[in-house]
Amino acid sequence: MKKYRCTVCEWVYDPETGDPDGGIAPGTAFEELPDRYGWVCPVCGEGREMFEIVDEE
């Protein structure tokens, strides 16, 4: 599963960790995060549309 970075605050969503404080269990892919009126970046509050795939080289 790929990691995604918030383009506003640089926080990285790692599916292996999830977002326990936001109610997202480890193992949850970014594509499975709640959409409308759902999950937002836990640091800056931006929506999923502000995230981009992290290039892992």
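Description of the structure in this document. No experiment lies behind these values; they were computed from the predicted model shown. (Residues numbered from 1 in each chain as written. Predicted model: local features only at pLDDT ≥ 70, side-chain atom pairs only at ≥ 80, totals over all residues. Heavy atoms only, no water.)

1. Topic: the overall build of the protein chain
Thought 1: Secondary structure assignment for the protein chain yields 0 helices and 3 strands.
Thought 2: Counting from the amino terminus, the protein chain carries its helices and strands in the arrangement β-β-β.
Thought 3: Overall, the C-alpha framework of the protein chain stretches about 30 × 25 × 15 Å when taken along its three principal axes.
Thought 4: Here the contacts in the protein chain between residues at least 6 apart in sequence split such that 46% fall between residues at least 24 apart.
Thought 5: Total accessible area on the protein chain is roughly 3,900 Å²; 46% of this is exposed by carbon and sulfur atoms.
Thought 6: With 5 positive and 14 negative side-chain charges, the protein chain shows a spacing of 4 Å between the two charge centroids. (Helix = DSSP H or I, 4+ residues; strand = E, 2+ residues; numbered from the N terminus. Contact = heavy atoms within 4.5 Å. Areas by Shrake-Rupley, 256 points an atom, 1.4 Å probe, with all protein chains shown as cover. Lys, Arg positive; Asp, Glu negative; His and termini not counted. Charge placed at Lys NZ, Arg CZ, Asp CG, Glu CD.)

Limitation: the analysis is restricted to geometry and does not speak to function.
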